[in-house]
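Chain by chain, the residues:
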Amino acid sequence: MTDAPLPTGLSGPPTDALIVGAGPAGLALAAELSARGLSVRVTDPAPHAPFPATYGAWWDDLPVWARDCAAHTWADVRVHTGPQPTPLLRPYTLLDNAALRAALLGRAGPGLTLTAARVDGAAVRMDGATRTAGGWTAWGTQAGTPARWEARVVIDASGHRPALLRHPDRHPDGAALQTAYGIVATFDRPPSAPGAAVWMDYRTPHGDPPTDRRGATFLYAMHLGGNRYFVEETSLIARPAPTRQDLQARLHARLRAQGTPPREIISDEWVSFPMNTAPPAAGVGSVLAFGAAAGLVHPISGFQVSGALRDAPAVADATARALRDGRDPVQAGWDALWPPERRAARAVHLLGVQALLNLPPRALPAFFAAFFALPPARWHAFLDPRTPPGPLARTMLRLFAHAPAHVRLPLARAALRHAGTSLHALNAAARS
Ligand SMILES: Cc1cc2nc3c(=O)[nH]c(=O)nc-3n(C[C@H](O)[C@H](O)[C@H](O)COP(=O)(O)OP(=O)(O)OC[C@H]3O[C@@H](n4cnc5c(N)ncnc54)[C@H](O)[C@@H]3O)c2cc1C
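It should be emphasised that the depicted structure is a prediction, and the values quoted were computed from it without experimental measurement.

Student: Explain the overall build of the protein to me, and be specific about the residues and the numbers.
Tutor: Check the secondary structure of the protein and you find 12 helices and 17 strands. Relative to the compact-globule value of 22 Å for 432 residues, the protein shows a C-alpha radius of gyration of 22 Å, a close match. Principal-axis analysis of the C-alpha atoms gives the protein an extent of 65 × 50 × 40 Å. For the protein, the exposed surface amounts to about 17,200 Å²; the carbon and sulfur share of it is 58%. Distance between charge centres in the protein, computed from 42 positive and 32 negative side chains, equals 5 Å.

Student: Lay out the sheet that holds strand β4 (residues 70-74) with the relevant residues and their values.
Tutor: Strand order in the open sheet made by the 3 strands is β3-β7-β4, with antiparallel pairing throughout. Of all strands in the sheet, those with a lone pairing partner are β3 (56-58) and β4, marking the two edges. Neighbour to neighbour, the strand axes of the sheet diverge by 25° on average, direction disregarded. Pairing between β3 and strand β7 (residues 92-95): 3 bridges, direction antiparallel. Within β7, the position partnered with Trp 58 by the bridge is Tyr 92.

Student: Give a detailed account of the packing of aromatic side chains, specifying residues and quantitative values.
Tutor: Taken as a whole, this structure holds 19 aromatic pairs when the rule is applied. Judged by centre distance (5.1 Å) and plane angle (85°), the ring pair of Phe 371 and Phe 372 falls under edge-to-face. Taking 5.0 Å as the distance between ring centres and 80° as the angle between the ring planes, the aromatic pair formed by Phe 372 and Trp 379 counts as edge-to-face. By the burial criterion, Phe 372 is buried, and Trp 379 matches it. Just above the ring of Trp 338 sits the side chain of Arg 342; from NZ or CZ to the centre is 5.1 Å. When the ring centre of Phe 400 is taken as origin, the NZ or CZ atom of Arg 408, which lies over that ring, is 6.0 Å away.

Student: Residue-level account of the site of the ligand, with values.
Tutor: Around the ligand sit 31 residues, and of these Asp 44, Tyr 55, Gly 56, His 160 and Gln 304 come closest. A distance of 3.3 Å separates an oxygen atom of the ligand from a polar atom in the backbone of Pro 24. The contact in question runs from an oxygen atom of the ligand to an N or O atom on the side chain of Asp 44, over 2.6 Å. Here the ligand, which alone exposes 980 Å², has 83% of that area covered by the protein. Top element by residues in the shell around the ligand is strand β16 (residues 262-274). It accounts for 4 residues. For the shell around the ligand, the residue count by class is 17 nonpolar, 11 polar and 3 charged. When residues of the shell around the ligand are sorted by domain, at least three fall in each of domain 1 (15-50 + 98-168 + 280-338) and domain 2 (177-274).

Student: Quick rundown of the packing of helix α7 (residues 340-358) against helix α11 (residues 405-417)? Include the residues and the values.
Tutor: Where α7 contacts α11, the axes come no closer than 8 Å and their chain directions differ by 135°. The pairing of α7 with α11 is recorded here as oblique in orientation. Regarding α7 and α11, the two cross each other, and that crossing is right-handed. Of the residues in α11, those touching α7 at Leu 351, Gln 354, Ala 355 and Asn 358 are Pro 410, Leu 411, Arg 413, Ala 414, Ala 415 and Arg 417. Residues that form the contact of α7 with α11 fall into these classes: 6 nonpolar, 2 polar and 2 charged.

Calculation rules
- Residues numbered from 1 in each chain as written.
- Predicted model: local features only at pLDDT ≥ 70, side-chain atom pairs only at ≥ 80, totals over all residues.
- Heavy atoms only, no water.
- Helix = DSSP H or I, 4+ residues; strand = E, 2+ residues; numbered from the N terminus.
- Rg over C-alpha atoms; globule rule 2.2 N^0.38 Å.
- Areas by Shrake-Rupley, 256 points an atom, 1.4 Å probe, with all protein chains shown as cover.
- Lys, Arg positive; Asp, Glu negative; His and termini not counted.
- Charge placed at Lys NZ, Arg CZ, Asp CG, Glu CD.
- Pairing = 2+ DSSP bridges.
- Axes fitted to C-alpha atoms, helices over the stretch in contact; angles between N-to-C directions.
- Phe/Tyr/Trp six-rings, centres within 6.5 Å; stacked < 30°, edge-to-face > 60°.
- Buried < 20%, exposed > 50% of the residue type's maximum accessible area, 1.4 Å probe, protein only.
- Lys NZ or Arg CZ within 6 Å of the ring centre and 35° of its normal.
- Near = heavy atom within 4 Å.
- Polar contact = N/O pair within 3.5 Å; in protein donor to acceptor, adjacent residues only side chain to side chain.
- Nonpolar A, V, L, I, M, F, W, Y, C, P; charged D, E, K, R; others polar.
- Domains from an automatic or database assignment.
- Parallel < 35°, antiparallel > 145°, perpendicular 65-115°, else oblique.
- Left-handed = near helix turned anticlockwise from the far one by under 90°.
- Contact = heavy atoms within 4.5 Å.

Structure below.
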């Protein structure tokens, strides 16, 4: 929050909603709200910039309209948790970010405005008894000068480090990060299976992984056609997590050891974001939030984009209805996004995070061998952010029962260390 004096004049006409952040989540919600006839301002220092990250998603997770935004979709999707590949038989899509952004803007209604500005603070204007009556004031910087806006609701979609949402216990026991280093490059010899997407390759041609957390990494790879590949050395979740230098060195050591060094590196990417985000406590959080800011990153896969595209219509419906009926749009939005059952499911997933963090690096391939040996419907549902807690807990029990002993022991320890959550999960499993 800044103490800079607010300018008296507004920097633009008041709107029904002001969204902070023009990433995929912010634009998805803005499109849905404006398509419902609301006036929506999206603020971002670079609102017209392309989405910078490489976005993948399971094809069947994407809303039907977003499937047209695929740069590539692979039917041949595999994991290596041992010497032989395991086919996943579930098409995987690399999104074309420009097409996705254009499709989102194409879905928007006439009331959408993109404003190049940074928002530093927002406060509710209490003209009357409730939060609804007075609406909100937001302030920040536009073209280097202090700016101020008014809106009936302010929504924080500013990413993994929310600009406005105050969420004290956002990462229980500290943030556990997904980190990865990747390159798009041309190769004389294929670094991964041609015509395929490799979701996880835990093989280590470059020597046994170091026994500390740095070492438990896998190759995530996609054939982009011809001799072009995207290859990324990935640490799914760790605390502390491997650094960019660690992963860059491991990626190149892996490629060298395979005899597939890159011929020409076209671009590179550093990935670092928290995986273990607890849902904001209901009522806490003066603003509504959406996307990564609202904790939508799936704690096991790290995926968020397809989930945000699917969640946006329901959150827009609830917020628009509340604005129309004079009810609190912030509470209505949170209730639509994080109903009690989804909060309970997140608690089960966070228990899963503790289990993963508790596994010795060398047990991870065996853990994922057991995970992908589950019936497809079960692991699909486990990676779906909307699966209720009961089926999640039952899948964890089934995975535990089928995992080898050297995986089960650390899993049991993690469950005992978090006995309260484990009991809730067991109850949920028993009830469903
Ligand atoms: C490199 C990388 C790769 C990833 N790959 C995948 C993937 O394959 N699949 C997947 O589902 N997820 C992936 N994720 C995770 C997650 O989906 C992304 O981080 C995604 O970009 C989050 O979307 P978002 O719209 O919530 O936030 P961002 O995309 O982070 O957008 C937030 C926007 O808010 C703006 N902003 C920030 N502060 C302010 C402020 N004060 N005022 C105004 N604007 C502000 C920023 O400029 C930014 O444009 C990846 C993440 C990273 C970092």
